[in-house]
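Summary of the model geometry
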Amino acid sequence: MKDEKIILKAEDLDGYLTSEDMKELDSLDVMFKDTMRYFEPKNEEKIIEGFDKMGHEMQKICSHHPNIKVYSFETEEGAHAEASRVISKLRDVKTDHQEFMYYSQRAYEMLFRMAYTDKHSDKKGHIIVQTPVTFPVQNYAVHKIPDIDHKIENTVMCVMLRGALLPSMIISKEIEEYSSHGYLTPFALFKISRNDQKGESDMEYILDLKKSFFDLEKLDGKDLIFADPMNATGGSLVTVVKYLQSQGVHPKSITFFNTISTLKGSIRVTRALENCTCYTLWLDPVMNEKAYIMPGLGDAGDRLNGTDKHDNPRNMIQLIADYGHNISCLYRSQLFEIERTVLG
């Protein structure tokens, strides 16, 4: 079984969309193409007008999809500037590798807060911290945090390899820090890719089991968390989860964290997968013929990890090493768990 490759085709995904979904998505496509007319030569006033119009339309559509949680649609207005600033830096062609990593960390901390600690009435827990002040006696400080153990201590981080590695480590670290027991999420690693020779209408997604590392028994009945920088078509997530279900895994819930997502991808995922919630920092309206998000932010995996040489791709341990000393120290517990998952 471990030498199999599981393939899902794009037409399978479109079967989850209703005629009303398609009508709304087609309308957004028309609106975006109309706005593109003002990209060259650039007409800032018309571009702003077009994106404002699309934003309001997407917010209206999402109001009918309770399992799609968009940061600027769910949080108070005062928080929206932070989201706009972070996503604008991630989009910017001038943002280099280190800066891209920094803003990705900010993005996932914001998404975690939206999912688990904002707008909730959880009872409070306490953190008692020993400080460096020892005179006249050893000093301590007390800080209150929401008690969300019941939400986070059944979770497993499911990594769709490459671009999803660092975001998954960030979410796992947040869980560890908010858990009163220092809960460290197990990791499940999936080698999933899409065929870039295909367009959106005939896209294929390939799950390579031989290069994946996971234990089916440890996934059953768990709250599965996927943190992928981008959700374009939704195909990668659906491919992995449908495979797990075919092997007898029954997740308690599925949570999908994205820095950026298309409306189409979010609708597909929440329709295809039971008890699945998508949290996204930013929602983009359309994809191009190659199934790339527009206006998008480029290849997030390459911007986070750098590009591999075609004849010498890095394995998981090499990729972690390339993150450098600061990341390795900050996410030491997560790296140990990943190493144990890969190496046994």
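As a reminder, the structure under discussion sits directly above these lines.
Before going into details, it helps to say that this report is about the structure given with it.

**Points about the overall build of the chain**
Secondary structure assignment for the chain yields 14 helices and 13 strands. Taking 2.2 N^0.38 as the reference for a compact globule, 344 residues should give roughly 20 Å; the C-alpha atoms of the chain span a radius of gyration of 21 Å, in line with that estimate. Out of the 344 residues belonging to the chain, those deemed buried represent 49%. Of the contacts formed within the chain by residues at least 6 apart in sequence, a portion of 71% connects residues at least 24 apart. When the accessible surface of the chain is split by element, carbon and sulfur atoms take 50% of a total near 17600 Å².

**Points about the packing of helix 8 (residues 165–178) against helix 14 (residues 332–343)**
Axis separation between helix 8 and helix 14 bottoms out at 9 Å; the angle between their running directions is 120 degrees. Classed by the angle they form, the pair helix 8 and helix 14 counts as oblique. In terms of crossing hand, the pair formed by helix 8 and helix 14 is right-handed. When helix 8 is examined against helix 14, the residues L165, M169, S172, K173 and E176 are found in contact with a partner set consisting of S333, Q334, L335 and I338. Broken down by class, the residue content of the contact of helix 8 with helix 14 amounts to four nonpolar, three polar and two charged.

**Quick look at helix 2 (residues 19–36)**
Residue pairs three or four apart in sequence face the same way in an α-helix, which turns once every 3.6 residues. Compared with an ideal rise of 1.5 Å per residue, which puts 18 residues at 26 Å, helix 2 spans 26 Å between its outermost C-alpha atoms and is within 8% of the ideal. The complete set of buried residues in helix 2 reads D21, E24, L25, L28, M31, F32 and T35. All buried residues of helix 2 fall inside an arc of 115 degrees around its axis, so they share one side. More than 90 degrees from the buried face of helix 2, the exposed residues found are S19, K23, V30 and K33. Among the structural elements, helix 3 (44–62), helix 10 (263–272), strand 12 (286–287) and strand 13 (293–294) are those in contact with the buried residues of helix 2.

**Overview of the nonpolar core**
Ranked by size, the top nonpolar core spans 84 residues in total, and within it L219, F226 and F257 carry the most contacts. In terms of residue count, the dominant contributor to this core is helix 6 (residues 97–116) (eleven residues). Not counting chain neighbours up to four residues away, the residues in contact with F257 comprise Y108, L111, F112, A115, Y116, I171, I225, F226, A227, D228 and Y279.

**Quick look at the side chain of T270**
For T270, the location among the structural elements is in helix 10. Excluding its chain neighbours within four sequence positions, the residues that come into contact with T270 are N67, I68, C276 and C278.

**Quick notes on the pairing of strand 5 (residues 155–160)**
The buried count for strand 5 comes to six of six residues, which makes it a mostly enclosed element. Of the two faces of strand 5, both are covered, the one formed by T155, M157 and V159 as well as the one formed by V156, C158 and M160. Looking at chain direction, strand 5 and strand 8 (residues 223–227) are connected through four bridges and run parallel. Bridge pairing in strand 8 links T155 to D223. With four bridges connecting them, strand 5 and strand 6 (residues 187–194) associate as parallel partners. Within the sheet, the bridge partner assigned to C158 lies in strand 6 and is A188.

**Quick word on helix 8**
In this model, helix 8 (14 residues) spans 20 Å end to end at C-alpha, consistent with the 20 Å of a helix rising 1.5 Å per residue. With twelve of its 14 residues buried, helix 8 lies for the most part within the structure. Within helix 8 the residues assigned to the buried category are L165, L166, P167, S168, M169, I170, I171, S172, K173, E174, I175 and E176.

**Some thoughts on the pattern of salt bridges**
Tallying each qualifying case throughout the model produces 15 salt bridges. With a shortest N-O distance of 2.5 Å, D34 and R37 are connected by a salt bridge. The partly exposed category is assigned to D34, whose relative accessible area is 35%. Among the ionic pairs, K42 bridges to E44, the shortest N-O distance being 3.7 Å. As far as burial versus exposure is concerned, K42 and E44 are alike and both exposed. Salt bridges sharing common partners tie together D14, K264 and R268.

**A word on the packing of helix 5 (residues 80–91) against helix 6**
In contact at an axis separation of 9 Å, helix 5 and helix 6 are set at 145 degrees when each is read in the N-to-C sense. Considering only the axes of helix 5 and helix 6, their crossing is left-handed. Mapping the contact onto sequence places E82, A83, V86, K89 and L90 in helix 5 and E99, F100, Y103, S104, R106, A107, M110 and R113 in helix 6. Residue composition of the contact of helix 5 with helix 6, grouped by class: seven nonpolar, one polar and five charged.

**Topic: the side chain of N231**
Tracing the backbone through its elements, the reader meets N231 in strand 9 (residues 230–231). If sequence neighbours within four positions are ignored, N231 has contacts with F256, N258, I260, S261, T262, G265, S266, V269 and I293.

**Considering a nonpolar patch on the surface**
On the surface, a nonpolar cluster with roughly 350 Å² of combined accessible area is contributed by I128, Y140 and V142. Within the secondary structure, V142 sits in strand 4 (residues 140–146).

Cut-offs applied
Residues numbered from 1 in each chain as written. Predicted model: local features only at pLDDT ≥ 70, side-chain atom pairs only at ≥ 80, totals over all residues. Heavy atoms only, no water. Helix = DSSP H or I, 4+ residues; strand = E, 2+ residues; numbered from the N terminus. Rg over C-alpha atoms; globule rule 2.2 N^0.38 Å. Buried < 20%, exposed > 50% of the residue type's maximum accessible area, 1.4 Å probe, protein only. Contact = heavy atoms within 4.5 Å. Areas by Shrake-Rupley, 256 points an atom, 1.4 Å probe, with all protein chains shown as cover. Axes fitted to C-alpha atoms, helices over the stretch in contact; angles between N-to-C directions. Parallel < 35°, antiparallel > 145°, perpendicular 65-115°, else oblique. Left-handed = near helix turned anticlockwise from the far one by under 90°. Nonpolar A, V, L, I, M, F, W, Y, C, P; charged D, E, K, R; others polar. Expected span 1.5 Å × (residues − 1). Arc of directions from axis to C-beta. Core = buried A, V, L, I, M, F, W, Y, C linked by side-chain atoms within 4.5 Å. Pairing = 2+ DSSP bridges. Salt bridge = Lys/Arg side-chain N within 4 Å of Asp/Glu carboxyl O. Patch = residues over 30% accessible without salt bridge, like charges linked within 9 Å, V, L, I, M, F, W, Y side chains within 5 Å.

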